[in-house]
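Breakdown of the fold
If you want the building blocks of each chain, they are given just below.
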Amino acid sequence: MNGVEQSNGRRSAGQLENNVLAVLWAADGELTAVQINERLPGGLAVTTVLTILSRLIAKRQVQRHRQGRSYVFAPVRDEAAYTADQMFSLLDRGSDRQAVLARFVSGLSEEDERLMKDLLQDREGR
Amino acid sequence: MPLSVAVPLAVCVLLAVTAPRLSRALVPRVAAWMLTCAAAVGAALWTGALALLAFAGLGRVRAVAALGPWSVSFLHTQDPVSTPLACAAGTVLAGCLAWAAVTAYRRGRVLTAAYRKAARLPDDRELIVVDAPRIEAFALPGRPGRVVVSTGMLRSLEPAEWEAVLAHEQAHLRHHHHAFLHVLHLAAVLCPLMLPLAREGEYAVERWADEEAAEAVGDRTLLARALARAALAGQPAHPAPAATGGPVPRRVRALLSRPPARRRTGSLLVVTLLLLLGLAGLGQATADTRALYEQALHTYAVRHCGGHPCR
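Notes on the structure in this doc start here. (Residues numbered from 1 in each chain as written. Chains lettered and ligands numbered in written order. Predicted model: local features only at pLDDT ≥ 70, side-chain atom pairs only at ≥ 80, totals over all residues. Heavy atoms only, no water.)

1. With respect to the overall build of chain B
For the record, the criterion: Helical segments are the DSSP runs of H or I of at least four residues, strand segments are the runs of E of at least two, and each set is numbered from the N terminus. Only protein chains enter the accessibility calculation, which uses a 1.4 Å probe; a residue is then buried when its area is under 20% of its type maximum, exposed when over 50%, and partly exposed in between. Contact criterion: two residues are considered in contact whenever any of their non-hydrogen atoms come within 4.5 Å of each other. Note on areas: these come from Shrake-Rupley sampling with a 1.4 Å probe, and a residue is covered only by the protein chains present in the view.
Per the secondary structure count, chain B includes twelve helices and three strands. Residues counted as buried form 51% of the 311 residues belonging to chain B. Contacts spanning at least 24 positions in sequence make up 73% of the contacts within chain B whose residues lie at least 6 apart. Looking at chain B as shown, the accessible area adds up to about 14400 Å², and 64% of this sits on carbon and sulfur atoms.

Shown next, in the form of structure tokens:
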């Protein structure tokens, strides 16, 4: 985690927004600002998280509700995600989507799979 | 002509054998550039050489010769390219061109549809999250370029890891990697000999984005872990044996070893010389063909028009 903390100061506003958005989408339910901050990579001030959240609310990517004495936040499920999902299936049907879009990962063979598992255990064991 | 026209074809074969291996000595960014340029020039050499060979056959067709007009019997005795060879070259060329046209059309249609949809997305969003369990992350070029990621991917990684994934996709967008992939793919369709270059080129492009992402998050093992985890999570219950395996473990291993060394220009030089040799060969073959037809024109004129150019 050291490397991440070092790079904290270099995160751009856009990166921070993306991170907060990712936290909200990855979570199953609604989160408070403090909960969001706990899940964000690198330590931020809660006020920073709140500023990012207000920007995302202005862009209508995040909604907030009052729950008890604090606010909880959730991602907005709007047309953008639906459109992107349509793109997924569209490109899945195209025979050569692999080359059309640079994908993060491709499939693994059984041997590769074993190798990757060993690798993750190795790293976590240290 | 047969010797000179063999040079560009031989260069294509040499590129297929050596270029992927030579690229491994280079920094990923340079390797991607080298392979893409080599594949493009290689495909052009291949197409040009086949076209010259095919033309040798076409010139012997009486109806075509009448357009010159040039002497067909002169070509039959003087042109070292045999008719079967010319026919074979013509068939291969037609096949490659037709296949390239079909692929370009199909791909163009899918891409246009995707971009039309992307244009409907709000302008201020760089990151689009799709609420779906499958493991998916990709870069969608355009203005603005976007990164699409599934909740399945986000949930299978740790927060620090998904930051590395986003950095990887952003590197694709920043450096227009889709353009590299288009060129590589088209070159491989035009000239099957460029397939090894296209494969290695795709890998080099991914490595380029990996190195950028690793630098952005300041941690190489973090990205390696994200890659391994995403690849494992994305596995279907019954993996197809070794059908698509390969690049991910190689990328992970590259990330866990030391950052790529600065530069080794030797391999760049070898590939550049090969490409120049191929271009020179193609130029010579074109000049030889031209000289041959000038003689054929002259022979016809001597026989039919008393030595004056026939009208």
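Following the structure, the description resumes.
2. Thoughts on the environment of B:T272
Residue and element names in this part refer to chain B. By the element assignment, T272 lies in helix α12 (residues 265–304). A residue is classified by how much of its surface remains accessible, and T272, at 40% relative accessible area, is partly exposed. Residues T272 and A38 lie 234 residues apart in sequence; the distance between their C-alpha atoms is 8.2 Å.

3. Observations concerning helix α9 (residues 195–217) of chain B
What counts, and what does not: One less than the number of residues in a helix, times 1.5 Å, gives the span that helix is expected to have.
Spanning 23 residues, α9(B) covers 33 Å between terminal C-alpha atoms, matching the ideal 33 Å at 1.5 Å per step. Trailing α9(B) by a residue or two, B:G218 shows a phi angle of about 70 degrees, which is positive.

4. Here we look at the pattern of salt bridges
All names here are of chain A. To be explicit about the condition: The working definition used for a salt bridge is a side-chain nitrogen of Lys or Arg within 4 Å of a carboxyl oxygen of Asp or Glu.
Summed over all chains, the structure comprises 14 salt bridges over all chains. Between E17 and R55 there is a salt bridge whose closest N-O contact spans 2.8 Å. Within this pair, whereas E17 is found in helix α2 (residues 13–26), its partner R55 is found in helix α4 (residues 46–58), the two being separated by 38 residues in sequence. In this structure E17 comes out as buried when scored by relative accessible area, which is 10%.

5. As for a nonpolar patch on the surface
Operational definition: Any residue with relative accessible area above 30% and no salt bridge may belong to a patch, with like charges joined within 9 Å and the nonpolar Val, Leu, Ile, Met, Phe, Trp and Tyr side chains within 5 Å.
There is a patch of nonpolar side chains on the surface, built from B:L269, B:L273, B:L276 and B:L279 and spanning about 400 Å² of accessible area. By the secondary structure assignment, B:L269 is in helix α12.

6. Re the pairing of strand β1 (residues 127–130) of chain B
Residue and element names in this part refer to chain B. Quick reminder of the rule: Only when DSSP finds a minimum of two bridges between them are two strands counted as paired.
Burial of β1 is two-sided: the residues L127 and V129 facing one way and the residues I128 and V130 facing the other way are all buried. Examined bridge by bridge, β1 and strand β3 (residues 146–150) share four bridges and lie parallel to one another. Looking at β3, one finds that V130 is bridged to S150.

7. A short note on the packing of α2(A) against α4(A)
All names here are of chain A. So the rule is basically this: Axis definition: a line fitted to C-alpha atoms, over the contacting stretch in the case of helices. Angles run 0 to 180 degrees between N-to-C directions. In what follows, roughly perpendicular refers to angles from 65 to 115 degrees, roughly parallel to angles under 35, roughly antiparallel to angles over 145, and oblique to any angle outside these ranges. Any residue that is not Ala, Val, Leu, Ile, Met, Phe, Trp, Tyr, Cys, Pro, Asp, Glu, Lys or Arg is counted as polar, Gly included; the first ten are nonpolar and the last four charged.
Packing of α2 against α4 brings their axes to within 10 Å, and their N-to-C directions diverge by 80 degrees. Relative to α4, the element α2 is oriented roughly perpendicular. Together, A13, L16, E17, V20, L21 and L24 of α2 and I52, L53, R55 and L56 of α4 make up the contact between the two elements. By residue class, the composition of the contact of α2 with α4 is eight nonpolar, no polar and two charged.

8. With respect to unusual backbone geometry
The general pattern is negative phi for most residues beyond glycine and trans for most peptide bonds. Note the cis peptide between B:G68 and B:P69, where omega equals -5 degrees. The residue B:P69 is located in the loop between α3 (62–65) and α4 (72–78) in this model. Residue A:R60 is not a glycine yet carries a positive backbone phi of 60 degrees. Within the secondary structure layout, A:R60 lies in the loop between α4 and β1 (62–67).

9. Here we look at the nonpolar core
All names here are of chain B. Under the convention used in this document: Residue types Ala, Val, Leu, Ile, Met, Phe, Trp, Tyr and Cys, when buried and joined through side-chain atoms within 4.5 Å, form a set referred to as a nonpolar core.
Counting residues in each nonpolar core, the largest one holds 47 residues, and the members touching the most others are L15, M194 and L197. For this core, the elements supplying multiple residues, two or more each, are α1 (2–23), α2 (28–58), α5 (83–119), α8 (177–190), α9 and α12. Here this core takes 15 residues from α2, the largest share from any one element. Residue contacts for L15: discarding those within four places in its chain leaves P20, A38, G42, M194, L197, V271, L274 and L275.

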